[in-house]
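# Descriptive structure summary
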Amino acid sequence: FVSGKMLDLFRRPTDPKEFFEYYTVPAGIILAGLFASAFGGIGDLSNVSGSVGIASAICCIAAIAGLANQETARTGNILGVAGVAFGLASTTVDMSLAGATLPAFEEVGVLGAIGSAVGATLASRVGPTELPQTVAAFHSLVGLAAMAGAAGE
(Lines give C-alpha, C1' and ligand atoms only; values in the text may rest on other atoms or scores of the structure.)
Protein backbone atom coordinates (compact mmCIF):
# COMPACT_ATOMS: atom_id res chain seq x y z
CA PHE A 1 0.00 0.00 0.00
CA VAL A 2 2.68 2.46 1.00
CA SER A 3 4.83 1.87 -2.09
CA GLY A 4 1.83 2.15 -4.38
CA LYS A 5 0.74 5.35 -2.67
CA MET A 6 4.23 6.82 -3.03
CA LEU A 7 4.39 5.88 -6.72
CA ASP A 8 0.99 7.45 -7.36
CA LEU A 9 2.39 10.79 -6.20
CA PHE A 10 4.57 10.90 -9.30
CA ARG A 11 1.90 9.85 -11.81
CA ARG A 12 1.15 12.49 -14.41
CA PRO A 13 -2.12 12.82 -16.32
CA THR A 14 -0.19 12.43 -19.57
CA ASP A 15 1.38 9.09 -18.58
CA PRO A 16 0.30 6.18 -20.79
CA LYS A 17 -2.12 3.59 -19.42
CA GLU A 18 -0.41 0.75 -17.63
CA PHE A 19 -1.51 -2.87 -17.84
CA PHE A 20 -0.04 -4.33 -14.67
CA GLU A 21 -3.09 -6.53 -14.15
CA TYR A 22 -1.64 -8.84 -16.81
CA TYR A 23 1.11 -9.81 -14.36
CA THR A 24 -1.56 -11.83 -12.55
CA VAL A 25 -1.64 -14.34 -15.43
CA PRO A 26 1.84 -15.86 -14.91
CA ALA A 27 1.50 -15.49 -11.14
CA GLY A 28 -1.81 -17.33 -11.25
CA ILE A 29 -0.31 -20.10 -13.38
CA ILE A 30 2.54 -20.59 -10.90
CA LEU A 31 0.16 -20.72 -7.92
CA ALA A 32 -2.27 -22.98 -9.79
CA GLY A 33 0.59 -25.38 -10.52
CA LEU A 34 1.52 -25.47 -6.84
CA PHE A 35 -2.07 -26.14 -5.76
CA ALA A 36 -2.56 -28.73 -8.52
CA SER A 37 0.48 -30.53 -7.18
CA ALA A 38 -0.77 -30.25 -3.60
CA PHE A 39 -4.38 -31.26 -4.13
CA GLY A 40 -4.27 -33.18 -7.39
CA GLY A 41 -1.17 -35.23 -6.78
CA ILE A 42 0.48 -33.90 -9.93
CA GLY A 43 4.26 -34.05 -9.67
CA ASP A 44 6.45 -34.17 -6.58
CA LEU A 45 5.05 -31.58 -4.18
CA SER A 46 8.36 -30.87 -2.46
CA ASN A 47 10.03 -30.11 -5.80
CA VAL A 48 7.17 -27.91 -6.97
CA SER A 49 7.14 -26.05 -3.64
CA GLY A 50 10.89 -25.53 -3.85
CA SER A 51 10.53 -24.17 -7.37
CA VAL A 52 7.85 -21.72 -6.24
CA GLY A 53 10.14 -20.70 -3.37
CA ILE A 54 12.91 -19.97 -5.87
CA ALA A 55 10.45 -17.97 -8.00
CA SER A 56 9.59 -16.03 -4.84
CA ALA A 57 13.23 -15.18 -4.22
CA ILE A 58 13.76 -14.13 -7.84
CA CYS A 59 10.69 -11.89 -7.78
CA CYS A 60 11.73 -10.26 -4.51
CA ILE A 61 15.26 -9.58 -5.76
CA ALA A 62 13.89 -8.23 -9.05
CA ALA A 63 11.50 -6.05 -7.05
CA ILE A 64 14.36 -4.45 -5.16
CA ALA A 65 16.16 -3.80 -8.44
CA GLY A 66 12.98 -2.42 -10.00
CA LEU A 67 12.26 -0.08 -7.10
CA ALA A 68 15.70 1.48 -7.51
CA ASN A 69 14.67 3.33 -10.68
CA GLN A 70 11.64 5.59 -11.17
CA GLU A 71 10.87 4.18 -14.62
CA THR A 72 10.71 0.59 -13.37
CA ALA A 73 9.37 1.22 -9.86
CA ARG A 74 5.79 0.17 -10.62
CA THR A 75 7.01 -3.11 -12.09
CA GLY A 76 9.21 -3.59 -9.02
CA ASN A 77 6.20 -3.04 -6.78
CA ILE A 78 4.15 -5.69 -8.63
CA LEU A 79 7.06 -8.15 -8.60
CA GLY A 80 7.41 -7.64 -4.85
CA VAL A 81 3.74 -8.46 -4.28
CA ALA A 82 4.04 -11.57 -6.46
CA GLY A 83 7.22 -12.64 -4.66
CA VAL A 84 5.57 -12.37 -1.27
CA ALA A 85 2.50 -14.29 -2.50
CA PHE A 86 4.74 -17.06 -3.87
CA GLY A 87 6.70 -17.16 -0.61
CA LEU A 88 3.55 -17.45 1.50
CA ALA A 89 2.15 -20.23 -0.69
CA SER A 90 5.44 -22.14 -0.71
CA THR A 91 5.84 -21.79 3.06
CA THR A 92 2.29 -23.04 3.64
CA VAL A 93 2.98 -26.13 1.53
CA ASP A 94 6.31 -26.69 3.29
CA MET A 95 4.56 -26.47 6.67
CA SER A 96 2.10 -29.10 5.48
CA LEU A 97 4.90 -31.36 4.26
CA ALA A 98 6.64 -31.01 7.63
CA GLY A 99 3.51 -32.28 9.38
CA ALA A 100 2.11 -29.04 10.78
CA THR A 101 -1.25 -29.49 12.46
CA LEU A 102 -4.39 -27.40 11.98
CA PRO A 103 -3.73 -25.27 15.11
CA ALA A 104 -0.36 -24.23 13.66
CA PHE A 105 -2.04 -23.05 10.46
CA GLU A 106 -4.71 -21.26 12.48
CA GLU A 107 -2.05 -19.49 14.54
CA VAL A 108 -0.19 -18.35 11.44
CA GLY A 109 -3.46 -17.19 9.86
CA VAL A 110 -4.56 -15.22 12.92
CA LEU A 111 -1.16 -13.56 13.36
CA GLY A 112 -0.99 -12.77 9.64
CA ALA A 113 -4.47 -11.25 9.71
CA ILE A 114 -3.61 -9.11 12.73
CA GLY A 115 -0.40 -7.89 11.10
CA SER A 116 -2.20 -7.19 7.83
CA ALA A 117 -4.94 -5.24 9.57
CA VAL A 118 -2.44 -3.12 11.51
CA GLY A 119 -0.34 -2.50 8.39
CA ALA A 120 -3.34 -1.61 6.22
CA THR A 121 -4.69 0.74 8.89
CA LEU A 122 -1.37 2.52 9.27
CA ALA A 123 -0.81 2.71 5.51
CA SER A 124 -4.24 4.23 4.89
CA ARG A 125 -3.56 7.04 7.37
CA VAL A 126 -0.21 8.10 5.95
CA GLY A 127 0.00 11.46 4.22
CA PRO A 128 2.32 12.12 1.26
CA THR A 129 4.89 13.99 3.33
CA GLU A 130 5.08 11.20 5.93
CA LEU A 131 5.88 8.35 3.53
CA PRO A 132 9.66 8.14 4.08
CA GLN A 133 9.21 8.00 7.85
CA THR A 134 6.53 5.34 7.50
CA VAL A 135 8.73 3.20 5.28
CA ALA A 136 11.52 3.51 7.85
CA ALA A 137 9.13 2.53 10.64
CA PHE A 138 7.94 -0.54 8.71
CA HIS A 139 11.56 -1.53 8.10
CA SER A 140 12.24 -1.35 11.81
CA LEU A 141 9.30 -3.71 12.36
CA VAL A 142 10.84 -6.11 9.84
CA GLY A 143 14.06 -6.00 11.85
CA LEU A 144 12.13 -6.66 15.04
CA ALA A 145 10.39 -9.64 13.42
CA ALA A 146 13.74 -11.03 12.25
CA MET A 147 15.14 -10.67 15.75
CA ALA A 148 12.10 -12.43 17.24
CA GLY A 149 12.44 -15.23 14.69
CA ALA A 150 16.10 -15.66 15.52
CA ALA A 151 15.31 -15.73 19.22
CA GLY A 152 12.67 -18.39 18.57
CA GLU A 153 15.22 -20.64 16.94
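Per chain, the residues get numbers from 1 upward, laid out in the order the sequence is written. Totals for whole chains, interfaces and linings use all residues, but because this is a predicted model, local features are given only for residues with pLDDT of at least 70 and pairs of side-chain atoms are given and counted only at 80 or more. Only heavy atoms go into the side-chain values, all of them from the structure, while hydrogens and water stay out.

Secondary structure assignment for the protein yields 6 helices and 0 strands. Helices (α) and strands (β) of the protein occur, in sequence order from the N terminus, as α-α-α-α-α-α. Principal-axis analysis of the C-alpha atoms gives the protein an extent of 50 × 35 × 20 Å. Buried, partly exposed and exposed residues are distinguished by accessible area as a fraction of the type maximum, computed with a 1.4 Å probe on protein chains only: under 20%, between the cut-offs, and over 50%, respectively. Out of the 153 residues belonging to the protein, those deemed buried represent 20%. Should any heavy atoms of two residues lie within 4.5 Å, those residues are counted as being in contact. Of the contacts formed within the protein by residues at least 6 apart in sequence, a portion of 61% connects residues at least 24 apart. Residue exposure ignores everything except the shown protein chains as possible cover, and the areas themselves are Shrake-Rupley values with a 1.4 Å probe. For the protein, the accessible surface area stands at approximately 10,200 Å², while carbon and sulfur atoms represent 70% of it. In the protein, which carries 6 positive and 11 negative side-chain charges, the distance between the mean positions of the two groups comes to 16 Å. A run of H or I in DSSP becomes a helix once it reaches four residues, and a run of E becomes a strand once it reaches two; helices and strands are each numbered from the N terminus. For the purpose of counting charges, residues Lys and Arg are taken to be positive, whereas Asp and Glu are taken to be negative. His and the chain ends are not included. The location of each charge is read from NZ of Lys, CZ of Arg, CG of Asp or CD of Glu.

Let us now look at helix α3 (residues 45-67). The span expected for a helix works out to 1.5 Å for each residue beyond the first. Across its 23 residues, α3 extends 32 Å between first and last C-alpha, which sits within 8% of the 33 Å expected from 1.5 Å per residue. If you follow the buried residues of α3, they end up packed against α2 (24-40) and α4 (73-97).

The topology assignment puts Gly-50 in helix α3. Look at Gly-50 and you get partly exposed, because its relative accessible area is 33%.

Here we take up the layout of surface pockets. In this analysis a 1.4 Å probe is tested at points of a 1 Å grid over the protein atoms alone, and where it fits but cannot get out there is a cavity; an open set with protein on both sides within 12 Å along at least five of seven lines is a pocket; lining residues have an atom within 4 Å of a point. Grid points are joined across faces, edges and corners, and a volume is the space filled by probe spheres set on the points. If you add up the space inside the second largest pocket, you get close to 290 Å³. Asp-15, Glu-18, Gln-70, Glu-71 and Arg-74 are, among the 14 residues lining the second largest pocket, the residues nearest its centre. Gly counts as polar in this scheme, as do all residues outside two lists: the nonpolar Ala, Val, Leu, Ile, Met, Phe, Trp, Tyr, Cys and Pro, and the charged Asp, Glu, Lys and Arg. Split by residue class, the lining of the second largest pocket holds 5 nonpolar, 3 polar and 6 charged.

With that settled, the discussion passes to the side chain of Ser-90. Looking at the element boundaries, Ser-90 is found in helix α4. Residue Ser-90 is classed as buried on the basis of its relative accessible area, which comes to 4%. Not counting the four nearest positions on each side in its chain, Ser-90 is found in contact with Leu-34, Ser-49, Val-52 and Gly-53.

Within the secondary structure, Ser-37 is located in helix α2. Ignoring any residue separated from it by four or fewer positions in sequence, one finds Ser-37 in contact with Ile-42, Gly-43, Asp-44, Leu-45 and Val-48.

Each patch groups residues whose relative accessible area exceeds 30% and which form no salt bridge, using 9 Å between like charges and 5 Å between nonpolar side chains of Val, Leu, Ile, Met, Phe, Trp and Tyr. The salt bridge criterion pairs a side-chain nitrogen of Lys or Arg with a carboxyl oxygen of Asp or Glu, the two atoms within 4 Å. Taken together, the side chains of Val-110, Leu-111, Ile-114, Val-118 and Leu-122 present a nonpolar region at the surface, about 450 Å² in accessible area. Checked against the element boundaries, Ile-114 lands in helix α5 (residues 102-124).

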